[in-house]
Amino acid sequence: MELTKIEIKDRIGYITLNRPEKRNALSYEFVGELKEAFAQLKKDDSAKVIVLRAEGKAFCAGADLAYIQGLQGNTYEENLEDSNHLKELFFEIYTYPKVVIAEIQGHALAGGCGLATVCDFSYTVPHAKFGYTEVKIGFIPAIVKVFLLRKIGEGKSKELLLSGKLYEATDAQKMGLVNEVVEAEKLSETVYEFAQQLIHNNSGQSMAFTKQMIAEVQEKGLEEGLQYAAEQNAKARASEDCKKGIAAFLNKETPSW
C-alpha cells in the first residue's frame with residue numbers, strides 16, 4: 001500500500017494516512033487501502049487497540065475534489081457504488097471490534113471530520129480546525145451525518161452541517177467531537193499512554209461487546225433494547241474474560257489482559 005502505512009508497536013496497531021501532498025484527501029484508492037488496513041489489523045491479535053493518525057500538516061481534508069469532479073459524468077449507479085465504498089469504511093471503523101483512537105495533528109474537514117467522528121476517541125492539537133464544509137461547495141455531508149447525529153445530537157449537528165463553519169479545536173471538544181486537546185509536542189505521547197491504559201486495564205472482549213451494543217441498541221425500542229441488553233449480559237457472564245476477571249478480583253489479583 002502506498003497511501004496508507006501500518007505499524008504495530010506495544011500492542012497498538014497504527015494506521016497512518018500517507019498522502020500529505022494532498023492533505024490526505026480521500027480518493028477511491030485511498031479509501032480502499034484504509035479498508036484493507038483495518039481488515040488486516042482486525043485479524044492480528046498482536047494489535048489490541050488501533051490508532052488512526054496522519055502524515056503532514058492536515059489530518060484529512062475530506063474528499064479529493066478533483067476526484068469528485070471526475071465522477072460527475074458517471075451514472076447514478078456508478079456514483080452509488082463509489083458512495084457505498086466510503087460508507088463501508090465509516091461503518092467498519094464505527095463497528096470495529098477494537099477501540100479506534102484518532103490522533104489528529106491538523107485540520108479535519110468534511111469527510112476528514114467524519115473520519116474522526118466514527119473513531120471511538122479523538123485527541124487533537126490546539127491549532128487544528130474541524131468542520132463540515134460540504135454545503136459551501138454545493139455538496140452534502142450525507143454519510144458522515146448518520147454518525148455525527150449519534151455522537152453529538154441533532155442541535156449541534158445542525159449547527160455544524162448547515163453552517164459549514166470551521167471550528168477551533170476547543171470548540172470541537174465542547175461539542176463532543178473530540179475528547180481532549182493537547183499541545184502538539186505531547187499528542188503522540190498522550191495517545192500512546194491512553195492506548196496503553198486500555199490495553200492493560202481492560203478486557204479486549206468486553207470492549208468489543210460494549211462497542212457492538214452501543215452501535216446496535218440505539219435503534220431499538222425501550223423494551224426491545226432492554227431485552228437485548230439482558231441477553232448480552234447473560235452471554236457475557238459465560239465468557240472466558242468474565243470468568244478470568246471475576247476470579248482475579250475475588251483473589252485480590254490484577255487480571256492480565
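In the nomenclature of an unreviewed UniProt entry, the protein is known as Methylglutaconyl-CoA hydratase of Marivirga sericea. Under the UniProt heading Sequence similarities (unreviewed entry), the note attached to the protein is "Belongs to the enoyl-CoA hydratase/isomerase family."

## Observations concerning the sheet that holds strand β4 (residues 100–104)
The strand order across the open sheet built from six strands is β1-β2-β3-β4-β6-β9, with neighbouring strands paired in mixed fashion. One side of each edge strand has no neighbouring strand; the edge strands of this open sheet are β1 (4–9) and β9 (180–181). Inspection of the sheet shows β4 paired to strand β6 (residues 121–124) by four bridges, in the parallel sense. Paired with I104 across the two strands is T124, which belongs to β6. With respect to the sheet, helix α1 (residues 28–42) is in contact with β1, β2 (12–17), β3 (49–54) and β4, its orientation differing from that of β1 by roughly 20 degrees. Running at roughly 170 degrees to β4, helix α8 (residues 187–201) makes contact with β2, β3, β4, β6 and β9 of the sheet.

## Quick notes on the pairing of β3
Buried residues dominate β3, accounting for five of its six residues. Where the polypeptide runs from β2 across α1 and back to β3, its parallel neighbour, the crossover connection is right-handed. Pairing of β3 with β4, which is carried by three bridges, proceeds in the parallel orientation. Residue pairing in the sheet places V51 in a bridge with I101 of β4.

## Brief notes about the packing of helix α9 (residues 204–217) against helix α10 (residues 222–237)
Relative orientation of the contacting elements α9 and α10 amounts to 165 degrees, with a least axis distance of 11 Å. For the element pair α9 / α10, the angle class is roughly antiparallel. Between α9 and α10 lies a crossing whose hand is right-handed. Across from Q212, M213, E216 and V217 in α9, the residues of α10 making contact are G225, Y228, A229 and Q232. Residue composition of the contact of α9 with α10, grouped by class: four nonpolar, three polar and one charged.

## Observations concerning the sheet that holds strand β5 (residues 108–109)
The strand order β5-β7-β8 describes an open sheet built from three strands, whose pairing is mixed. Among the strands making up the open sheet, the edge pair consists of β5 and β8 (167–168). With two bridges joining them, strand β7 (residues 129–131) and β8 adopt antiparallel strand pairing. Pairing of K129 across the sheet is with E168, part of β8.

## A closer look at the nonpolar core
Core analysis: the biggest nonpolar cluster contains 62 residues, and L17, F38, L52, F59, I101 and F130 have the highest contact counts within it. Leave out the neighbours within four places in its chain, and I101 touches V49, I50, V51, L52, F121, Y123, V191, F194, A195 and L198.

## Some details on the side chain of D64
Looking at the element boundaries, D64 is found in the loop between β3 and α2 (65–71). Separated by 3.0 Å, the side chains of D64 and R19 make a polar contact. Setting aside residues no more than four positions away along its own chain, D64 makes contact with R19, A25 and L26.

## Overview of the pairing of β6
As paired elements, β6 and β9 share two bridges and run parallel to each other. Following the sheet pairing, T124 is matched in β9 by V181.

Cut-offs and rules
Residues numbered from 1 in each chain as written. Predicted model: local features only at pLDDT ≥ 70, side-chain atom pairs only at ≥ 80, totals over all residues. Heavy atoms only, no water. UniProt positions renumbered as here; feature names shortened; annotations may be inferred. Pairing = 2+ DSSP bridges. Helix = DSSP H or I, 4+ residues; strand = E, 2+ residues; numbered from the N terminus. Contact = heavy atoms within 4.5 Å. Axes fitted to C-alpha atoms, helices over the stretch in contact; angles between N-to-C directions. Buried < 20%, exposed > 50% of the residue type's maximum accessible area, 1.4 Å probe, protein only. Right-handed = clockwise from strand over helix to strand, strands pointing away. Parallel < 35°, antiparallel > 145°, perpendicular 65-115°, else oblique. Left-handed = near helix turned anticlockwise from the far one by under 90°. Nonpolar A, V, L, I, M, F, W, Y, C, P; charged D, E, K, R; others polar. Core = buried A, V, L, I, M, F, W, Y, C linked by side-chain atoms within 4.5 Å. Polar contact = N/O pair within 3.5 Å; in protein donor to acceptor, adjacent residues only side chain to side chain.

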